[in-house]
Amino acid sequence: MSNRIYIFDTTLRDGEQVPGCQLTTDEKVQVAVQLELLGVDVIEAGFPVSSPGDFRSVVEISKAVTNPTVCALSRAVVGDIDAAGEALKYAKRGRIHTGIGASDIHIRNKFSSTREAILEQAVKAVKHARGYVDDVEFYAEDAGRADLDFLCRLTEAVIKAGATVVNIPDTTGYCLPDEYGAKIRHIYNCVPNVDKATISIHCHNDLGLATANSLAGIMNGARQIECTINGIGERAGNTSLEEVVMAMKVHKELGFETGIDTTRLYPVSQLVSGLMRMPVQANKAIVGRNAFAHSSGIHQDGHLKHTENYEIMNPLDVGVDKSLIILTARSGRHALRHRLELLGYRYDKPTLDTIYTRFLDMADVRKEVNDKDLMELVR
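Just so it is clear, the structure is predicted and the values come from calculations on it, not from any experiment.

Rules used in this analysis
- Residues numbered from 1 in each chain as written.
- Predicted model: local features only at pLDDT ≥ 70, side-chain atom pairs only at ≥ 80, totals over all residues.
- Heavy atoms only, no water.
- Pairing = 2+ DSSP bridges.
- Helix = DSSP H or I, 4+ residues; strand = E, 2+ residues; numbered from the N terminus.
- Axes fitted to C-alpha atoms, helices over the stretch in contact; angles between N-to-C directions.
- Parallel < 35°, antiparallel > 145°, perpendicular 65-115°, else oblique.
- Left-handed = near helix turned anticlockwise from the far one by under 90°.
- Contact = heavy atoms within 4.5 Å.
- Buried < 20%, exposed > 50% of the residue type's maximum accessible area, 1.4 Å probe, protein only.

Caption draft 1: Seen up close, the pairing of strand S1 (residues 6-9). Looking at chain direction, S1 and strand S8 (residues 224-227) are connected through four bridges and run parallel. Considered in S8, the bridge of Tyr-6 is made with Gln-224. The sheet contact formed by S1 and strand S2 (residues 42-46) spans two bridges and is parallel. Each residue of the ladder has a partner; that of Asp-9, found in S2, is Ile-43.

Given below as structure tokens:
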């Protein structure tokens, strides 16, 4: 089995469903172009049947990008699939992503249906989608809570009908990593034609486990991760693209590789945050403003002696210029001396001790001491 992991970005579909984060077609194209430069393999551009704007966005993104596959979402409904197929007519590589609920909770309470009827509808949807494109992805919604034997039957049936990718989503963020990994492994062990398709994973973050579950999925055979920039998405969000990509890069022993240019992660994060008017939390992994900032004296001292004492990634690898030493009342003499030397000031130990005492008084009042404050202090 190949160790190449395909990155399926759904920022412009699932991510854009966040209330208040809707984008215009021009803004979506702007993001799509940056996603192409980032190196994503698939861009889920929208849900064409949902609105004229979404249909137009899929059309324009299809025209604007060359390398990524452009994907359009649909339900397992003929009208949805027709709209998706029409919207993808300009795509150099188009994919229809169609599907239906797989858990008994969805089958009974959402569709008022039966497992057999769902199976039949899924097969018909995949066959209809294959009339438009050769690349069809099927999603088994709420697979995280689905009966495993039925999920295997459904996976086998849609692959036989022509699905090239089967998405096993933890739609509600319910699963624990070992449980989700075992589910993917079971599918690989029990579905006889599983080698004819790529197994994809789409995890939500309701319990804060989306990244962990996605990693568990690929460790057990899945080869596509569906994710979003900054982890945005329905409710608590989706798997964060930057987190799974950097987890694979840092843990080289896993042996996985992607086509992502990680130096573009931070700029793309900032672009999406600005356009969607959704600030990135300060302590967000990889792209938060504090991800490479040190304010504790113990951490600052260790970092200044050797960066790997407290950093497992080089900030340049994700597009951040440098690590930051934040001066607060928790900072030590080493950090203060470092910042003063950057400003061109060097002092002997007794003088530095005097300045440090005055620095602590200032830091208690001002909370964070910047370079302008330091200039005032040494004067």
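Text resumes after the structure shown.
Caption draft 2: Seen up close, the environment of Ser-113. Tracing the chain through its elements places Ser-113 in the loop between helix H4 (104-109) and helix H5 (115-129). As a C-alpha pair, Ser-113 and Tyr-139 span 26 residues in sequence and 17 Å in three-dimensional space.

Caption draft 3: Up close: the packing of H5 against helix H6 (residues 148-161). Here H5 crosses H6 at 25°, and the two axes come no closer than 8 Å. When the axis of H5 is compared with that of H6, the two are roughly parallel. Considering the relative orientation of H5 and H6, their crossing is right-handed. Packed against H5, whose contacting residues are Arg-115, Glu-116, Ile-118, Leu-119, Ala-122, Val-123, Val-126 and Lys-127, the element H6 presents Phe-150, Arg-153, Leu-154, Ala-157, Val-158 and Ala-161 at the interface.

Caption draft 4: Focus on the environment of Ala-236. Tracing the backbone through its elements, the reader meets Ala-236 in the loop between S8 and helix H9 (241-250). Overall, the relative accessible area of 42% leaves Ala-236 in the partly exposed class. Taking the C-alpha atoms as reference points, Ala-236 and Gln-17, separated by 219 residues in sequence, lie 12 Å from one another. Apart from residues no more than four positions distant in its own chain, Ala-236 is found in contact with Asn-205, Asp-206 and Gly-231.

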